[in-house]
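What follows is each chain in one-letter form.
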Amino acid sequence: MGSLNQYPSLRSLIWIIISGYKLSTSILKERPDMKTLQATALLFICIGLSSCGSSSNDVAATSSTACTISSSPFPVTASGITAAPSRPGLLYAEIYAATASAAASKGVSNPLTVTPLQALVGDGRYYAAAVEAYVWGLPAEQFWEKQGLYFNSSSPLPVNTLYLSSSIDTGSTIVSPNTSVLYANGFLDLSTNPYVVNYPQSSVYNVLQIMDAYTNVQASVGSRVNTCGSVVLYYANASYADQVKAAYPNNSIAIYTPQAWLIGRVAVDTYAVQTQNGTPQTPYQSAYGVASSPLALWQSQNVMSQYSLRALTSYVNTNGGSVKQSSAATATTATQFFSNLSAAIAQNKLLVNYAGVSNGILNAASNVYDQSAMFDNFSLIGLTATGYDPSALNLAQKDLISSGYNNAITAIGYIAAGSGTTSATNYWSINTSLGHYKPDYAGWITGAATAKVGLGANLPADGAYPQLTVDSTAATLTGSGGNSYALNFSSVGIPPITANNGFWSVTVYDSSNNIYSSTTNTYYYTSQVGGVYALGSIQ
């Protein structure tokens, strides 16, 4: 791909998303005489496998034998529950070390002001507990916030409803949205009934990721993993669970939180003429846009329309009533954040089903972990499943909690930007463990860092996210001072995509992980974005 024009006020990041393809770091290298693009950009490489059929009928709802797959492609969960680690101060020590490394790579000081030893005694415990609670709880709190955004907006989207995007997402609902896909979104309440989800049967790249309330991907289906167009989701602790599992042995998935989040993606060419009879909006579209392209917006919308959702009302949970839905607002203070987190835990409890990831896909076996002991540590600062109440603490302790919360936000931002990168990978940060996080100290940090900049990340096999925030001299990417950058493939060639429905793309974001706005690049500029869509193999 050629050079990207100058971005006058750019301060951003580059991401790469890879699906179904093991990426060699050599394709991320650039010539010594070229600066690597410093921006928030996303190089999205997705590869899917061919589907098993062409029908989008409600297979699962009609019969458990209608689907012809011979066995379930999803992890088998072992019996019993394992206690997640919970020693006070150990999570803080790992956060402190990771932040120190990330800060050093930026040439700045560690924003965490309490040492791991100080965190174990006296009032330092309150600061450390606030940092730990923020990091441990960020994915669940963000899950809860996004629900609130959906359910309480000016145009609310009800629970158990799939929202199918009719346009390219350039907003803030999806963190660091990829403009090479259309998104489907929906929050489920499985506490009363299980649900059957139908997804596209198409040669166009598509994936539906199914996440618990901690944003851990529990399964993904689509053009890579196909259960003949439908999947049944059920709450693992519901009274109906065994019945559903027996009725749908090969295409059902147990979710260990009563609430779940669905995100679907369908590939689209943002630069094709965007309706069948549309008019070109950029010089590039005038030259190359083709309304008949299989990835033109209207074509991808047809694929998107194959998503559907329906309750299986013949199965009813008698183990308690339905859970409450979120009314949370965006947290801007420690009190708001911890109140949101308390509400999320009250409804979704503390169990996590974890399989681990090998070669980008979930392992064949999983274990259930109980995080109760870790969460109980946060009662020190007044955080419990019944609410957040620090009224028993003195003013100094409350101030330490507020400082810990604010400093933790900075710390996770540093970690998320990529620490420990070197010239060996041209300063690209390549994480192949996103989307599924072990409930332990390292896993909680990775989950928080992902929630910070890429909430709702795919499994690596469905979409990997290499990122870049510095150029080839390790200087922070910025358009100030007249800087221009090039992403150069001349020494190794364009990234090889061998599957028939994979793609890669580069997206530029600003420092808030929003699509970067600029009118500088007039050849690709589009008014919907106020800047430039993703560019990549589709173009």
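Residues numbered from 1 in each chain as written. Predicted model: local features only at pLDDT ≥ 70, side-chain atom pairs only at ≥ 80, totals over all residues. Heavy atoms only, no water.

*Asks:* I'm lost on the packing of helix 2 (residues 90-106) against helix 9 (residues 395-416) in this one. Help?
*Replies:* How two helices sit against one another is set out by the angle between their axes and by the gap between those axes. Where helix 2 contacts helix 9, the axes come no closer than 8 Å and their chain directions differ by 65°. At the point where helix 2 passes helix 9, the crossing takes the left-handed sense. Contacts between helix 2 and helix 9 involve Ile95, Ala98, Thr99, Ala102, Ala103 and Lys106 from the former and Ala411, Tyr414 and Ile415 from the latter. (Axes fitted to C-alpha atoms, helices over the stretch in contact; angles between N-to-C directions. Helix = DSSP H or I, 4+ residues; strand = E, 2+ residues; numbered from the N terminus. Left-handed = near helix turned anticlockwise from the far one by under 90°. Contact = heavy atoms within 4.5 Å.)

*Asks:* Quick question: what am I supposed to make of the packing of aromatic side chains here?
*Replies:* Two aromatic rings are characterised by how far apart their centres lie and by the angle between their planes. With the rule as written, the count across this model stands at 22 aromatic pairs. With 6.3 Å between their ring centres and 80° between their planes, tyrosine 92 and tyrosine 127 make a pair best called edge-to-face. Pair noted here: tyrosine 92 is in helix 2 and tyrosine 127 is in helix 3 (residues 124-151), with a separation of 35 residues, a long-range link. For tyrosine 127, a relative accessible area of 1% translates into the label buried. (Phe/Tyr/Trp six-rings, centres within 6.5 Å; stacked < 30°, edge-to-face > 60°. Buried < 20%, exposed > 50% of the residue type's maximum accessible area, 1.4 Å probe, protein only.)

*Asks:* Got a minute to help me understand the sheet that holds strand 6 (residues 195-198) in this structure?
*Replies:* Pairing between the strands of a sheet comes from backbone hydrogen bonds, and it takes one of two forms, parallel or antiparallel. Here we have four strands laid out as an open sheet, ordered 10-9-6-12, and mixed in their pairing. Only two strands of the sheet have a single neighbouring strand rather than two, namely strand 10 (252-255) and strand 12 (308-311). Sheet twist, expressed as the average angle between the axes of neighbouring strands with direction ignored, equals 25°. Bridge count between strand 9 (residues 230-235) and strand 10: four bridges; the pairing is parallel. In the sheet register, leucine 233 faces strand 10, and the bridge partner there is isoleucine 253. (Pairing = 2+ DSSP bridges.)

*Asks:* So what exactly am I meant to see when it comes to the pattern of salt bridges here?
*Replies:* Two side chains that carry opposite charge are able to pair once their charged atoms sit near each other. Under the defined criterion, the tally for this structure stands at one salt bridge. The salt bridge partner of arginine 224 is aspartate 462, with a shortest N-O separation of 2.6 Å. Note that arginine 224 is positioned in the loop between strand 8 (217-222) and strand 9 and aspartate 462 in the loop between helix 10 (441-454) and strand 19 (467-468), a separation of 238 residues in sequence. Taking relative accessible area as the criterion, aspartate 462 reaches 3% and is therefore assigned buried. (Salt bridge = Lys/Arg side-chain N within 4 Å of Asp/Glu carboxyl O.)

*Asks:* What is the right way to look at the sheet that holds strand 3 (residues 76-83) in this model?
*Replies:* Strand order in the open sheet formed by three strands is 3-16-13, with mixed pairing between adjacent strands. The outermost strands of the open sheet, each flanked by one partner alone, are strand 3 and strand 13 (351-354). In this sheet, adjacent strand axes meet at a mean angle of 25° when their direction is disregarded. With four bridges joining them, strand 13 and strand 16 (residues 365-370) adopt antiparallel strand pairing. Considered in strand 16, the bridge of valine 352 is made with tyrosine 369.

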